[in-house]
There are 2 protein chains.
Amino acid sequence: MADANDHLNDWLRDAHAMEEQAETMLKAQAARLEHYPKLKARIEQHIGETQAQAEALSRCIDRRGASTSVVKDAAGKVMASAQGFVGMFATDEVVKGGMASYAFEHFEIAAYTALVAAARHVGDQETAEVCERILREERSMADWLASNLDEVTVQYLQRSATPGETAKR
Amino acid sequence: MADANDHLNDWLRDAHAMEEQAETMLKAQAARLEHYPKLKARIEQHIGETQAQAEALSRCIDRRGASTSVVKDAAGKVMASAQGFVGMFATDEVVKGGMASYAFEHFEIAAYTALVAAARHVGDQETAEVCERILREERSMADWLASNLDEVTVQYLQRSATPGETAKR
């Protein structure tokens, strides 16, 4: 038996850990990309959003009187889950990296969907609004990645088939 | 330098391996769920779809004169990526499991989006149509999971706060 407010605090800490993990993965991905400037630019924009999201979550956690420094079991589990994506992000291949990014954005979308439901359930309107705003940014990034994946796939196949061109990243 | 048809064959093998992995994960998840019958029923429906998808991919691979038994580097990488999700699926907690499922469905959506683009690029209309059909099934599962996540989150919080009830799965 556990109070819904305790779960919400745990999940906010999870989300904070998830955004810190996201920043590391996105930076590594942007640094590797050479031949896909539009994708690289969009990822760099999202790094800025990700940093602001982690700060907004910290403020929610502080305002609720919880602490970001307490890493509970649940937070550890989400960290492990997020790290499951690291291997996918570490790929040297732009199409697979695009697939991993798209999946990770939806992991985040699901996390904020649950957070909005939990914040509304306990009547914390301010946290609900912060999480709704972050949710819109994650959806926007996910939609961009989806619309870019066709183009990246064809570019990759064309570069692969051209002597002297490198396609992978 | 590699031919687009070779990439398409590799990606079809990747997708086949991904669906086999998906079947294992979905079965484990359905077997664990106790208190969320709607979610369990939808997952069980999707297990059937997943098996049929793997068979449809096998037929595409055969028709193209490739072989499902050749596991190349690329297929191995996607297997490793899919296995990154296993830890997430192994969670004993319905909300985190829902997040993992939602992310995995979008990994699959991205895979079939790339496959459709690649099949069209090489002019393999039949493979494009098979992958479009599978893509619709994955989107339908993803949409269902999204619409169910609010409800599962609130049920979980309510069960957690009720003495004598178990909430996790």
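Predicted model only: the values in this text are computed from it and were never measured. (Residues numbered from 1 in each chain as written. Chains lettered and ligands numbered in written order. Predicted model: local features only at pLDDT ≥ 70, side-chain atom pairs only at ≥ 80, totals over all residues.)

Here we look at the overall build of chain A
No. 1: Across its full length, chain A carries six helices and zero strands.
No. 2: Mapped from its N terminus to its C terminus, chain A presents α and β elements in the order α-α-α-α-α-α.
No. 3: Looking at chain A residue by residue over its 169 residues, the buried ones come to 47%.
No. 4: Taking as baseline every contact in chain A between residues at least 6 positions apart, the subset at least 24 positions apart corresponds to 75%. (Helix = DSSP H or I, 4+ residues; strand = E, 2+ residues; numbered from the N terminus. Buried ≥ 20, exposed ≤ 12 C-beta atoms within 10 Å, placed from the backbone. Contact = placed C-beta atoms within 7 Å.)

Focus: the nonpolar core
No. 1: One finds A:Ala103, A:Ala114, A:Leu115, B:Ala103, B:Ala114 and B:Leu115 to be the most contacted residues of the largest nonpolar core, which totals 88 residues.
No. 2: Counting only elements with at least two residues in this core, the list comes to helix H1 (4-32), helix H2 (37-63), helix H5 (94-122) and helix H6 (125-160) of chain A together with helix H1 (4-32), helix H2 (37-63), helix H5 (94-122) and helix H6 (125-160) of chain B.
No. 3: Other than its neighbours up to four places away in sequence, B:Leu115 contacts B:Trp11, B:Leu12, B:Ala15 and B:Cys131. (Core = buried A, V, L, I, M, F, W, Y, C linked by C-beta atoms within 7 Å.)

Focus on H2(B)
Residue and element names in this part refer to chain B.
No. 1: With 27 residues, H2 extends 40 Å from end C-alpha to end C-alpha; this agrees with the ideal 39 Å at 1.5 Å per step.
No. 2: Residues of H2 that are buried include every one of Leu39, Ile43, His46, Thr50, Gln53, Leu57, Cys60 and Ile61, and no others.
No. 3: Where H2 is buried, its residues meet H1 and H6.
No. 4: The first or second residue beyond H2 is Gly65, which carries a positive phi of 75°. (Expected span 1.5 Å × (residues − 1).)

Re the packing of H1(A) against H2(A)
Helix-helix packing: each pair is described by the crossing angle between the helix axes and the interaxial distance.
Residues and elements named next belong to chain A.
No. 1: In contact at an axis separation of 9 Å, H1 and H2 are set at 160° when each is read in the N-to-C sense. Considered as vectors, H1 and H2 are oriented roughly antiparallel to each other. Handedness of the crossing formed by H1 with H2: left-handed.
No. 2: Residue classes in the contact of H1 with H2 are distributed as 11 nonpolar, seven polar and seven charged. (Axes fitted to C-alpha atoms, helices over the stretch in contact; angles between N-to-C directions. Parallel < 35°, antiparallel > 145°, perpendicular 65-115°, else oblique. Left-handed = near helix turned anticlockwise from the far one by under 90°. Nonpolar A, V, L, I, M, F, W, Y, C, P; charged D, E, K, R; others polar.)

With respect to the confidence of the model for chain A
Reading predicted coordinates in detail is not appropriate for stretches of low pLDDT.
No. 1: Mean pLDDT over chain A stands at 87; residues scoring 70 or higher make up 85%.
No. 2: The ipTM, which scores confidence in the relative placement of chains, is 0.88 for this predicted complex, and the corresponding pTM is 0.89. (pLDDT = per-residue confidence, 0-100.)

Observations regarding the environment of B:Leu157
No. 1: Secondary-structure assignment places B:Leu157 in helix H6.
No. 2: It is 40 Å that separates the C-alpha atoms of B:Leu157 and B:Ala56, two residues lying 101 residues apart in sequence.
No. 3: Residue contacts for B:Leu157: discarding those within four places in its chain leaves A:Ala4, A:His7, A:Ala118 and A:His121.

Some points on the packing of H5(B) against H6(B)
Residues and elements named next belong to chain B.
No. 1: Running from N to C, H5 and H6 point in directions that differ by 160°, and their axes come no closer than 9 Å. Between H5 and H6, the angle is such that the two are roughly antiparallel. Two packed elements cross with a definite hand, and for H5 against H6 that hand is left-handed.

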